[in-house]
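Read off the chains here:
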Amino acid sequence: MDTFALVVTIMVALFFTYTNGFHDSANAIATSVSTRALTPRAALLMAAVMNLAGAFMGSGVAKTVSEGLIETPEGSTGMGILFAALTGAITWNLITWYFGLPSSSSHALFGGMVGAALAGGTQVYWHGVLEKIVIPMFVSPIVGLLVGYLVMTAILWIFRRTNPHKAKRGFRIAQTVSAAGMALGHGLQDAQKTMGIVVMALVIADVEDYGDPIPLWVKIACAVMLSLGTYAGGWRIMRTLGRKIIELDPPQGFAAETTGASIMFTTAFLFKAPISTTHIITSAIMGVGATKRINAVRWGVAKNIVLGWFITMPAAATVAAAAFGVVHLAFL
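So, a few notes on the structure that sits alongside this text. The residue numbering used here restarts from 1 in each chain and proceeds along that chain's sequence as written. Totals for whole chains, interfaces and linings use every residue, but because this is a predicted model, local features are given only for residues with pLDDT of at least 70 and side-chain atom pairs only at 80 or more, for both listing and counting. Only heavy atoms go into the side-chain values, all of them from the structure, while hydrogens and water stay out.

**Comments concerning the side chain of N93**
So, step 1. Position of N93 relative to the elements: it lies in helix α4 (residues 75–98).
So, step 2. Each residue's exposure class comes from its accessible area (1.4 Å probe, protein chains only) as a fraction of the maximum for that residue type: buried when under 20%, exposed when over 50%, partly exposed otherwise. Residue N93 is classed as buried on the basis of its relative accessible area, which comes to 0%.
So, step 3. Between N or O atoms, a polar contact is any pair within 3.5 Å; within protein, one atom must be a potential hydrogen donor and the other a potential acceptor, and residues adjacent in sequence are included only when both atoms are from side chains. A polar contact of 3.1 Å, which involves the side chain of N93, links it to the side chain of T19.
So, step 4. The contact criterion used throughout is that any non-hydrogen atoms of two residues lie within 4.5 Å. With residues up to four places along the chain from it excluded, the contact list for N93 reads F16, T19, N20, H23, S105 and A108. Here a strand is any run of E in DSSP of at least two residues, a helix any run of H or I of at least four, and the numbering for each starts at the N terminus.

**Things to note about the pattern of salt bridges**
So, step 1. For this document, the term salt bridge refers to a Lys or Arg side-chain nitrogen within 4 Å of an Asp or Glu carboxyl oxygen. The full count for this structure, using the stated rule, is one salt bridge.
So, step 2. The partner of D190 in a salt bridge is K193, with the nearest N and O atoms 3.1 Å apart. With D190 and K193 both in helix α7 (residues 164–204) and three residues apart, the pair spans about one turn of that helix. Across the pair, K193 and D190 agree in class, each one buried.

**Topic: the packing of aromatic side chains**
So, step 1. Two rings from Phe, Tyr or Trp (for Trp, the six-membered ring) form a pair when their centres sit within 6.5 Å of each other. Planes less than 30 degrees apart are called stacked, planes more than 60 degrees apart edge-to-face, and all others tilted. Inspection of the entire model under this criterion finds eight aromatic pairs.
So, step 2. Residues F15 and Y18 carry aromatic rings whose centres are separated by 6.5 Å and whose planes lie at 15 degrees to one another, so their mutual orientation is stacked. With F15 and Y18 both in helix α1 (residues 3–34), this residue pair falls three residues apart, about one helical turn.
So, step 3. The class of F15 is partly exposed, set by a relative accessible area of 40%.

**Description of the packing of helix α6 (residues 126–158) against helix α11 (residues 277–290)**
So, step 1. Here the axes come from fitting lines to C-alpha atoms, over the contacting stretch only for helices, and the angles between their N-to-C directions go from 0 to 180 degrees. Remark: α6 packs on α11, axes separated minimally by 7 Å, with the N-to-C direction vectors making an angle of 35 degrees. The handedness of the crossing between α6 and α11 comes out as right-handed. Contacts between α6 and α11 involve M137, S140, P141, G144, L145, G148, Y149 and M152 from the former and H279, I280, S283, A284, M286, G287, V288 and A290 from the latter.
So, step 2. Taken together, the residues of the contact of α6 with α11 sort by class into ten nonpolar, six polar and no charged. Note on convention: near helix rotated counterclockwise from far helix by under a right angle means a left-handed crossing. Clockwise means right-handed. For this classification, Asp, Glu, Lys and Arg are treated as charged, while Ala, Val, Leu, Ile, Met, Phe, Trp, Tyr, Cys and Pro are nonpolar and the rest, including Gly, are polar.

Here is the structure:
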């Protein structure tokens, strides 16, 4: 196996993690920044640190990504497939970041893996794609919407006799905790997805075997790159989540972040399912906002976001397939 191809693939995987960080940093902190619970820089620093910590909290999601979606390709073709998959995911991340659309980096990666595998003649485990990707893609936003609505309803009832200004001050402080939980969950989920890709590259190169523990250097590299990307910030997407869907106040921000963090931890530890932090926090914001009144949510903006979710996988798959074609012609 060409060591150069392995090194390049790992570097591209780490760059994907970096784009994931600045693309999805808004997931953890947009609500806290928009409600002025945290300053932007303080929020980004906190998110970067918690992303780093979350990356070391488990490996179940990484195993799902590396073993459950496509057959492990072999040789130089296999490395080309991984390279093309990452290229498709990075391209879609940059496009959606430019337009301020909070699409899912996770589903861009999964779409890239499927597209590159099909182009490279590698088997796709469609039952795994259905169970681990497609079903959670539909179910998790519905759960986020409903749980966000219920959590906010409970908060409104519990604090119905509290002075509104005093309650907002208290929830502004509480948001530092809920935002940290979101960032921790993001690190737990998204750093592991890249770990899974790096493990696949190491297996293809006969450096590692499936079943071996994830090497410490892989965990550190993925965690650090995710944190660096997070600290770089994603201001375009942050404006969409924090302002354009609905103007949030501190209790609503706390409810949305608590909902998102709870669902991410549950899915990672109980089901080892790689869900999208973007889908969860966006749907939670919609559910929380709907407790004020249904038309308080700017459903036109929400509709465009949801449409972006649905085209992410096929768009990334198409780019990845084209990238594999170029790699195949040039190097294979």
